[in-house]
Structure formats: structure tokens, C-alpha cells
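Survey of secondary and tertiary structure
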Amino acid sequence: MIGRGKNIEQSLSRTRRSFFGRIGGLFSQTDLDERVWEELEELLIQADVGVTTTVDLVQAVRDESGAQGLRTPSHVVEAVQQRLLAVLGNASSPGRSQEGLWVILVVGVNGSGKTTGIAKLAKYHQRHGRRVLLAAGDTFRAAAADQLKVWARMLGTDVVAHQPGSDPGAVVYDAIKASQARDADTLIVDTAGRLHTQYNLMQELRKIHRVIKKQMADAPQETLLVLDATTGQNALSQARYFKDAVDVNGVFLAKLDGTAKGGIVFAIASELGIPIRYVGTGEDVDDVAEFDPERFVAGLFAE
Ligand SMILES: Nc1nc2c(ncn2[C@@H]2O[C@H](COP(=O)(O)OP(=O)(O)O)[C@@H](O)[C@H]2O)c(=O)[nH]1
Ligand SMILES: [Mg+2]
């Protein structure tokens with residue numbers, strides 16, 4: 001938990017109620033016949049865990065229950081939890097040294113929760129005693145810089161912004177210079193979520209990435225892709241484009257509170273291989289949690 005807003009357990013209430021909370025009930029019944037495994041499979045797929053991941057997982061638990069005789073319902077549920085946890089792997093965050101500027105490039109389609117996510121991250125880093133600067137790298141939409149400025153005013157940070165339509169590479173260049181001049185240690189860069197074509201968008205993101213790298217070889221230290229949890233499997237196909245264009249090394253999963261299909265977390269981990277670092281737990285600037293796999297899985301089943 002990093003914000004003072006809603007925590008990860010609270011944001012999982014819909015997902016828990018609709019799907020994962022029902023798994024225990026499946027096994028409390030009769031023998032483990034075919035029907036029970038099919039129902040488990042159905043629940044997981046409906047929760048957006050993804051077909052391949054689900055089929056593999058159910059098979060593994062089934063084998064385990066046959067071989068080792070998982071005798072009680074709670075043993076089976078525990079086995080499911082262990083398998084789910086294994087899908088998430090170890091999502092350790094990139095170690096941050098105290099020295100130097102830390103650049104966070106934030107990408108994702110419009111509406112995914114990018115700007116809100118940036119505000120949440122800014123506040124998170126401020127709470128860690130850091131000096132945060134924002135860069136308005138979405139120059140395509142005039143409102144984008146304004147929206148960022150509103151958050152910045154609230155948080156007491158500055159925004160480096162140029163005119164609408166200007167070169168986002170130049171914004172980022174200036175923002176890095178400004179961070180150094182003003183002794184900021186954390187720069188968060190907003191980017192466009194839509195251009196005339198997807199090809200243009202990816203080209204622009206690549207360019208921004210290059211501009212950052214040219215000034216600071218080890219930056220951006222974090223490239224976060226913001227995905228909207230409520231868009232389910234669509235989020236996955238979006239993610240593939242962004243992953244190809246820029247070196248995405250973390251996912252910020254927004255709106256986890258707004259979906260019953262929080263199983264998307266497993267699909268992201270298994271199908272993209274990008275660790276989830278943060279989840280959005282509500283609309284407030286404090287509604288953010290650092291992603292903790294164990295807590296997440298426990299939260300899916302909690303009473
Ligand atoms: N419930 C909920 N709403 C969110 C969350 N993050 C963003 N939103 C809402 O999603 C909408 C789009 O967010 P915005 O940050 O403007 O998206 P952007 O277009 O990607 O910059 C806004 O109404 C936000 O309040 C979240 O974690 N939970
Ligand atoms: Mg925005």
C-alpha cells in the first residue's frame with residue numbers, strides 16, 4: 001500500500017465477488033468430478049485470466065490432486081492459489097539509486113488512466129521525499145497539457161509544456177534540462193495516446209525514447225504502460241504494440257476497482273511477460289497501490 005486511498009483488497013471486491021470468491025464453493029461439494037474442473041475453468045476464463053493460462057493451470061491442479069490426493073477443499077484452493085502466484089512470478093521493481101535523475105516514461109492509449117496515473121505516481125514519489133517534475137509530452141491534444149497542469153497545481157509540482165502541436169521530443173529535451181537545473185530527482189513524462197495513425201503514434205514514442213536516451217544513457221529507468229483493467233483482453237493487444245515500440249518494463253494497471261475481471265492481471269503476466277508494478281484502485285490521487293503478487297492473490301480469495 002502506498003497511497004492513503006483505497007487499498008488493493010478493496011479494489012478487488014468485484015472480482016472477488018463475481019469469480020474467485022466462488023472457487024472455494026466449487027470444491028466444497030461432492031467428489032472432484034469432471035464438472036467441477038469445467039466450472040473452475042469457466043470461472044477463470046470469465047475472470048479474464050486467459051484461455052491458455054487457465055487450461056494449463058487447471059490441468060496442473062488436476063494432476064496434482066490426482067497424484068498427491070488433495071483431500072480437502074482447502075487443499076485444492078491452496079493449490080489453485082499457488083499456481084496463480086507462480087503465473088505472476090517475481091515482480092521486483094527496478095532498484096533505484098539515490099543519486100541522479102530518475103526518468104519515468106508513461107505510455108498508453110487515451111482514456112486508459114494515464115494522466116490520473118501520472119498524478120498518482122507524482123504524489124507517491126513526493127511522499128518518498130522526492131522532487132518531482134512533469135513533462136507534457138502529449139502535444140497532440142491541447143487539453144492534455146492543461147489537465148496535467150491542474151494536477152500539478154494541486155500537487156505543488158511544475159510542468160514543462162510547449163504549444164499544442166509542437167515537437168514532443170523538444171518538450172522532453174527541455175524537461176530533462178529543467179530537472180537538472182531545478183534539482184528535481186524524478187521526471188514523469190506524459191505522452192500522446194492517439195495520433196492520426198497508430199504507426200505515427202509508435203514512431204513518436206520511439207523518438208521520445210531516443211531523445212531521452214541521447215541525453216541520459218541509462219534513462220528512462222522506467223517505461224510504464226498504463227492499461228485499463230476494464231477493457232479486458234483488448235488491453236493485451238494494445239500492450240503488444242507499445243511493447244514493440246518502446247522498451248516497456250512495467251505495467252500500471254488502472255481501474256482495477258472498476259472491473260469484475262481482475263484476472264486480467266494473470267493474462268498480462270503470462271502473455272506479455274511484463275511485470276505489473278502499480279494498480280489504480282479508484283479515481284482519487286491517493287488510490288494507487290504497489291503491486292504485490294502475494295497480497296493480490298490473497299485478496300482475490302479473502303472473505
Ligand atoms: N475507478 C477508477 N477510475 C480511474 C482510475 N484511473 C483513472 N480513472 C478514470 O478514468 C478516466 C480517464 O482517466 P485519464 O487519466 O484522463 O485517462 P488518459 O486519457 O489515459 O489520460 C477518468 O475519468 C479517471 O478519473 C482508477 O484507478 N479507478
Ligand atoms: Mg491524458
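In this report, the structure presented in the accompanying data block is examined. Because the structure is a prediction, the values reported are computed rather than measured.

Another aspect to go through is the pairing of strand β5 (residues 222-228). In terms of residue burial, β5 counts as a mostly covered element, since 7 of its 7 residues are buried. Here β5 shows two buried faces, one formed by Glu222, Leu224, Val226 and Asp228 and the other by Thr223, Leu225 and Leu227. For strand β1 (residues 102-107) and β5, the ladder comprises 4 bridges, and the chain directions are parallel. In the strand pairing of β5, Leu105 is matched with Thr223.

All right, on to helix α13 (residues 293-301) then. Among all positions in α13, only Phe296, Val297, Gly299 and Leu300 are buried. For α13, the buried positions fall inside an angular range of 160° around the axis, keeping them on one side. On its buried face, α13 sits against α1 (8-11), α2 (13-18), α6 (73-88) and α12 (264-272).

Time to look at the sheet that holds strand β2 (residues 132-137). One open sheet accounts for 8 strands, arranged β3-β2-β4-β1-β5-β6-β7-β8; its pairing is mixed. Since the sheet does not close on itself, it has two edges, and those belong to β3 (158-160) and β8 (288-290), each with one partner. Taken pair by pair, the neighbouring strands of this sheet meet at an average axis angle of 25°, ignoring direction. Note that β5 and strand β6 (residues 250-254) share 5 bridges and pair parallel. Across the sheet, residue Asp228 finds its bridge partner in β6, namely Ala254. Sheet strands in contact with helix α7 (residues 114-127) are β1, β2, β4 (186-191), β5, β6, β7 (276-280) and β8, and its direction is about 175° off that of β4.

Thresholds, definitions, all that
Residues numbered from 1 in each chain as written. Chains lettered and ligands numbered in written order. Predicted model: local features only at pLDDT ≥ 70, side-chain atom pairs only at ≥ 80, totals over all residues. Buried ≥ 20, exposed ≤ 12 C-beta atoms within 10 Å, placed from the backbone. Helix = DSSP H or I, 4+ residues; strand = E, 2+ residues; numbered from the N terminus. Pairing = 2+ DSSP bridges. Arc of directions from axis to C-beta. Contact = placed C-beta atoms within 7 Å. Axes fitted to C-alpha atoms, helices over the stretch in contact; angles between N-to-C directions.

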